[in-house]
Amino acid sequence: MSNLREEIQRRRTFAIISHPDAGKTTLTEKFLLYGGAIAQAGAVKGKKNSRAATSDWMEIEKQRGISVTSSVMQFQYDGFCINILDTPGHQDFSEDTYRTLMAADSAVVVIDGSKGVEAQTRKLFKVCAMRHIPIFTFVNKMDRDARDPFDLLEELERELGIDTYAMNWPIGSGKEFQGVYDRKGSRILFFSGISGKNRADVMEVQLDDPQVGEIIGEKRHAQLAEDVELLGAGRDFDMEAVRGGTLSPVFFGSALTNFGVEPFLEEFLHMTTSPLARTADCGEIDTFGKDFSAFVFKIQANMNKAHRDRLAFMRICSGKFERDSEVLHVQGNKKMRLSQPQQLMASEREIVDEAYAGDIIGVFDPGIFSIGDTISVPGKPFRFAPIPTFAPEHFCRVSPKDTMKRKQFIKGTEQIAQEGAIQIFKVPYTGMEEVIVGVVGTLQLDVFQYRMKNEYGVDLRMENLPYETLRFITACPVSDPKDLNLSSDAELLEDYRGHSLLVFASLWSIDFIKKRNPGLELSETLQD
């Protein structure tokens, strides 16, 4: 039992989130570099050539240079076992990102030092705040001309509604970026090293050392001393506030050149907690309890093109998982053995024999798992709190160009929908030859079209629809919803479970339809 506790205590599971292009995937790579998981980092910009980032596996990601799926990676560093969830930064992928945050115990928000807080960062920050998980901020790209650090801190507090505490302070920016002042150790860390592929060399000097002025110049030395004094007049560091998600420790650095990355990683690992307890319908599940439990937060098909497989990603919430041991799939009320559990480095996998609370494993899914499903030990069923879904904001009528490919079309749309990347609907009393696809963001439609062609060999005919929002029918004044009195800017559809719903071209038309159909009750979500 003591070994179980030790193993769980050394786990750290966190998500890295940011606005597109703030350098999140690069930072992930550098963590792997320092953890010894990779020997040399492949800059994300190199995607047009042979080197692509380790955490991007889907062909479309390598082509476009963006992350569109959440990657899961594990590595060891300084006695810690670290699980990183690298989330898509693109604004269209908020749903996949949201689910990934449900599997994390803390979050690292990466911010571009020249741009500050951007729209997508606000959205993701809200999700972290809702879960009250610790939020750490890494102000990246200090090797480029950046904004005044005090302005950045003020903007973080104003825009994200959270207090900040600068753990270190940058010395210059752009070509002048030489290092950081570490407040806790009252020391200056000077970085050198031209290439970001290997570890940065560090020289450590105390702030009052006479050679500081020689290295950075007297003017900058005086400015640094003034900044440090100003910071000292601010709020005190409060570990409880960090754990409660109301105070964000801020670090400055450059992921591309590795300046400031290792000090950040070391400090971060000591400030974050071991895996947190999870809420279920029977109360709180103890992380250190001996009974294994997990929930599915992501499903991904065709990660290995050669095998046409489907993986369900599970976050282990309590106890120890052992390969081939019997578990219970609660929603399906079915006992099973998870015989080939895998841990991943993007698309590179290895079979694992055991895993502990805090770890993420991928198991082969023959089509039985859904997002949010609970796995427990036989004889002790319970359900973890459900993962919310987002209502789609873009709709498209989709059919195969080649009607002979109907079977592949149905299989592809259903599989991609089960992953949660798209939602599929159809007109009542019709087959699946034509479906209406709903997505949170339009890039998901591009990915859907790309995957249908590459993974299922189906070219699509796609027609954008004018609808912007949907509502489920919870009470209907007529026996058959098709007899509702609808206007031209609304349409009756049903989801794959047969629930009736209406899609609308505007929020205004919702009230209009309700007035035309007294007794009609609509809901944004559906609780099963």
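These numbers were taken from a predicted model, which means no experiment stands behind them. (Residues numbered from 1 in each chain as written. Predicted model: local features only at pLDDT ≥ 70, side-chain atom pairs only at ≥ 80, totals over all residues. Heavy atoms only, no water.)

A. Summary view of the pairing of strand β4 (residues 106–112). Counting buried positions along β4 gives seven out of seven residues, so the element sits mostly inside the fold. The alternating pattern of β4 places Ser106, Val108, Val110 and Asp112 on one face and Ala107, Val109 and Ile111 on the opposite face, and all of these are buried. Relative to β4, strand β1 (residues 11–18) is paired through five bridges, and the arrangement is parallel. Directly across from alanine 15, in β4, lies its bridge partner alanine 107. Sheet analysis places β4 next to strand β5 (residues 135–140), joined by six bridges and oriented parallel. Bridged to isoleucine 111 within β5 is valine 139. (Buried < 20%, exposed > 50% of the residue type's maximum accessible area, 1.4 Å probe, protein only. Helix = DSSP H or I, 4+ residues; strand = E, 2+ residues; numbered from the N terminus. Pairing = 2+ DSSP bridges.)

B. Region of the structure containing a negative patch on the surface. A cluster of acidic residues, Asp148, Asp151, Glu154 and Glu157, forms a negative patch on the protein surface. Along the polypeptide, glutamate 157 turns up in helix α6 (residues 149–160). (Patch = residues over 30% accessible without salt bridge, like charges linked within 9 Å, V, L, I, M, F, W, Y side chains within 5 Å. Areas by Shrake-Rupley, 256 points an atom, 1.4 Å probe, with all protein chains shown as cover. Salt bridge = Lys/Arg side-chain N within 4 Å of Asp/Glu carboxyl O. Lys, Arg positive; Asp, Glu negative; His and termini not counted. Charge placed at Lys NZ, Arg CZ, Asp CG, Glu CD.)

C. Spotlight on the packing of aromatic side chains. If you walk through the whole model with that rule in mind, you get 18 aromatic pairs. Between the aromatic rings of phenylalanine 264 and phenylalanine 268, the centroid separation amounts to 5.8 Å while the plane-to-plane angle is 40°, which identifies the pairing as tilted. Here phenylalanine 264 and its partner phenylalanine 268 are both found in helix α10 (residues 261–271), four residues apart, which amounts to about one turn of the helix. Note on accessibility: phenylalanine 264 and phenylalanine 268 belong to one class, buried. The rings of Phe14, Phe31, Phe136, Phe138, Phe251, Phe264 and Phe268 are connected pair by pair, giving a single aromatic cluster. (Phe/Tyr/Trp six-rings, centres within 6.5 Å; stacked < 30°, edge-to-face > 60°.)

D. The arrangement of the side chain of glutamate 155 in detail. Relative to the elements of secondary structure, glutamate 155 occurs in helix α6. Among the residues examined, glutamate 155 registers a relative accessible area of 10% and is labelled buried. The residues contacting glutamate 155, other than those within four sequence positions of it, are Lys115, Gly116, Val117, Arg147 and Leu160. (Contact = heavy atoms within 4.5 Å.)

E. Representation of the sheet that holds strand β9 (residues 187–192) in the model. Taken together, the four strands give an open sheet; going across it, the order is β7-β8-β9-β10, and neighbouring strands pair in antiparallel fashion. The open sheet is flanked by β7 (168–171) and β10 (201–206), the only strands paired with a single partner. Across the sheet, the axes of successive neighbouring strands diverge by a mean angle of 25°, strand direction being ignored. Strand direction decides the pairing type here: β7 and strand β8 (residues 179–182), joined by four bridges, are antiparallel. Note that in β8 the partner of tryptophan 169 across the bridge is tyrosine 181. Strand contacts of helix α8 (residues 218–232): β7, β8 and β9, with the helix running at about 160° to β7, the strand carrying the most contacts. (Axes fitted to C-alpha atoms, helices over the stretch in contact; angles between N-to-C directions.)

F. Inspection of the packing of helix α11 (residues 406–418) against helix α12 (residues 443–456) at higher detail. The geometry of α11 relative to α12 is characterised by a closest axis approach of 10 Å and an angle of 125° between their N-to-C directions. With respect to each other, α11 and α12 are oriented oblique. The handedness of the crossing between α11 and α12 is right-handed. Counted together, Gln408, Phe409, Gly412, Thr413, Gln415 and Ile416 of α11 and Phe448, Arg451, Met452 and Tyr456 of α12 form the full contact between these two elements. The class makeup of the residues in the contact of α11 with α12 is five nonpolar, four polar and one charged. (Parallel < 35°, antiparallel > 145°, perpendicular 65-115°, else oblique. Left-handed = near helix turned anticlockwise from the far one by under 90°. Nonpolar A, V, L, I, M, F, W, Y, C, P; charged D, E, K, R; others polar.)

G. Focus on the pattern of salt bridges. Per the stated rule, a full pass over the model turns up 24 salt bridges. A salt bridge links glutamate 524 to arginine 471; the nearest nitrogen and oxygen atoms lie 3.9 Å apart. One end of the pair, glutamate 524, is in the segment after β31 (521–523); the other, arginine 471, is in strand β28 (residues 469–475), with 53 residues separating them in the sequence. Owing to a relative accessible area of 52%, glutamate 524 belongs among the exposed residues under this scheme.

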